[in-house]
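For reference, the chains in residue letters:
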Amino acid sequence: MSVNPKDYSVKITTMWFWYAVASAVASAISITFNKHSLRKIHAPLLSWALFAFSLPTLAAIVLVNGIPDFNYKLLFSALLAAILFSIAKTITLVLMKNNKLSEFYPLVATSPLMLYVLGLIILSETVKFVSFLGLITIIVGVYLFNFEKRTKDFLHPIKTLFYNPVSRLFLFGILLANFTALFEKIAVLNTNPSSPEFVLFIEYSLITIFLSGYMTHKDKYWFKEIKTNFKNLFISGTIFSVLAILVVTSFITGSIALVSAIKKLEVVFMLIIGSIFLGDKPGKKVYIATIIMILGVLLIRI
């Protein structure tokens, strides 16, 4: 099957904005639930479950809506996205497990800016000047949110790029994840009618196969843990499928950079969830960062 070539310079409508905001809410719920699950589930198994247990939801939607027309660009892009996302996920998990987060994690704020450059060069995506200011504002807010005062030097995480290979590897992982988003957008734009669920089903099927091989290589009996923790694993995967659908749906008519920036609001919604259900009491820095991020989102919405 084939579809007519599509112009990647799509007209940006307002619906993508609300899908992006909804993805931030879904991401906050997903992260919070996953943190709870990690108390009794190994990180590699949870990562596998996020993709494997997303497949039933994705398959059900594809069966209801039907398989769209597509061309080789979808298959090629989905394959690249699966490979890059598998590598990026592995890098992130290893670094977060074995290193001090405050040394490099604030660098996650660079993701929207990377995507802006990639979108501009490869997809010819442009945004309004006010929206670009909003993007930069959110980046500052995210950086401040993840910055730990005890490091004293506000630019310390950036400076570590010059002497700390861990920081450079983390930044490389972010870059791979950003290319994943890029290929996901290319893939979904090569379906007719647009079908984020079909794209994600192909991509996550491939990732599940890759991770299954990795898990089996590490421990031949890892699948026994699935039965013990099936409920939590299935819920995690289902929530993740909703999150992924919202993100890729917003890619259809929205700039990948702006979608990524708005999705960073996940930390704000995590703050709300923590305050209501867990009794967390964030410091002054967190409130300032939250206000900055919300200001950035409002600038994008204008």
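A short tour of the structure in this document, coming up. (Residues numbered from 1 in each chain as written. Predicted model: local features only at pLDDT ≥ 70, side-chain atom pairs only at ≥ 80, totals over all residues. Heavy atoms only, no water.)

Considerations on the overall build of the chain
1) Next: A count of helical and extended segments in the chain gives 14 helices and two strands.
2) Next: Counting only contacts in the chain whose residues sit at least 6 apart along the sequence, the fraction spanning at least 24 positions is 87%. (Helix = DSSP H or I, 4+ residues; strand = E, 2+ residues; numbered from the N terminus. Contact = heavy atoms within 4.5 Å.)

Regarding the pattern of salt bridges
For side chains of opposite charge, pairing can occur when their charged atoms come near one another.
1) Next: Considering all chains together, one arrives at two salt bridges under this definition.
2) Next: Salt-bridge contacts for Lys 185 lead to Glu 125; the nearest nitrogen and oxygen are separated by 2.3 Å. In this pair, Lys 185 is assigned in helix α8 (residues 165-188) and Glu 125 in the loop between α5 (111-122) and α6 (129-146), connecting sequence segments 60 residues apart. Glu 125 shares its class with Lys 185; the two are buried.
3) Next: Residue Glu 266 pairs with Lys 263 through a salt bridge whose shortest N-O separation is 3.0 Å. (Salt bridge = Lys/Arg side-chain N within 4 Å of Asp/Glu carboxyl O. Buried < 20%, exposed > 50% of the residue type's maximum accessible area, 1.4 Å probe, protein only.)

Looking at the side chain of Thr 137
1) Next: By the element assignment, Thr 137 lies in helix α6.
2) Next: Setting aside residues no more than four positions away along its own chain, Thr 137 makes contact with Ile 292, Leu 295, Gly 296 and Leu 299.

As for a nonpolar patch on the surface
1) Next: On the surface, a cluster of nonpolar side chains totalling about 400 Å² of accessible area is made up of Leu 79, Ile 83, Ile 87, Ile 209 and Phe 210.
2) Next: Along the chain, Ile 87 turns up in helix α4 (residues 72-98). (Patch = residues over 30% accessible without salt bridge, like charges linked within 9 Å, V, L, I, M, F, W, Y side chains within 5 Å. Areas by Shrake-Rupley, 256 points an atom, 1.4 Å probe, with all protein chains shown as cover.)

Comments concerning the packing of α5 against helix α12 (residues 256-263)
1) Next: Contact geometry for α5 and α12: axes closest at 7 Å, N-to-C directions at 170 degrees. Classified by the angle between their axes, α5 and α12 sit roughly antiparallel to one another. Along the contact surface, α5 presents Ser 111, Pro 112, Leu 115, Tyr 116 and Gly 119, while α12 presents Ile 256, Ala 257, Ser 260 and Ala 261.
2) Next: Of the residues assigned to the contact of α5 with α12, the class counts are six nonpolar, three polar and no charged. (Axes fitted to C-alpha atoms, helices over the stretch in contact; angles between N-to-C directions. Parallel < 35°, antiparallel > 145°, perpendicular 65-115°, else oblique. Nonpolar A, V, L, I, M, F, W, Y, C, P; charged D, E, K, R; others polar.)

A short note on the nonpolar core
1) Next: Core analysis: the biggest nonpolar cluster contains 89 residues, and Trp 48 and Tyr 204 have the highest contact counts within it.
2) Next: Setting aside anything within four residues of it in sequence, one finds Tyr 204 in contact with Phe 51, Ser 54, Leu 55, Leu 58, Phe 240 and Ala 244. (Core = buried A, V, L, I, M, F, W, Y, C linked by side-chain atoms within 4.5 Å.)

Description of the packing of α8 against helix α11 (residues 230-253)
1) Next: The N-to-C vectors of α8 and α11 enclose an angle of 65 degrees; their axes lie 9 Å apart at closest approach. Judged on the interaxial angle alone, α11 and α8 are roughly perpendicular. Here α8 runs over α11; the crossing is right-handed. In this structure, α8 contributes Ala 181, Glu 184, Lys 185 and Val 188 to the contact, and α11 contributes Val 248, Phe 251 and Ile 252. (Left-handed = near helix turned anticlockwise from the far one by under 90°.)

Brief notes about the environment of Val 130
1) Next: Along the chain, Val 130 falls in helix α6.
2) Next: Separated by 168 residues in sequence, Val 130 and Leu 298 have C-alpha atoms that sit 9.8 Å apart.
3) Next: Sequence-distant contacts of Val 130, that is, excluding residues within four places in its chain, are made with Leu 299 and Ile 302.

Concerning unusual backbone geometry
1) Next: With an omega of 0 degrees, the peptide bond between Asn 192 and Pro 193 qualifies as cis.
2) Next: Within the secondary structure layout, Pro 193 lies in the loop between β2 (191-192) and α9 (196-218).
3) Next: If you check the backbone angles, Ser 124 has positive phi at about 60 degrees while not being a glycine.
4) Next: Mapped onto the elements of the fold, Ser 124 is located in the loop between α5 and α6.

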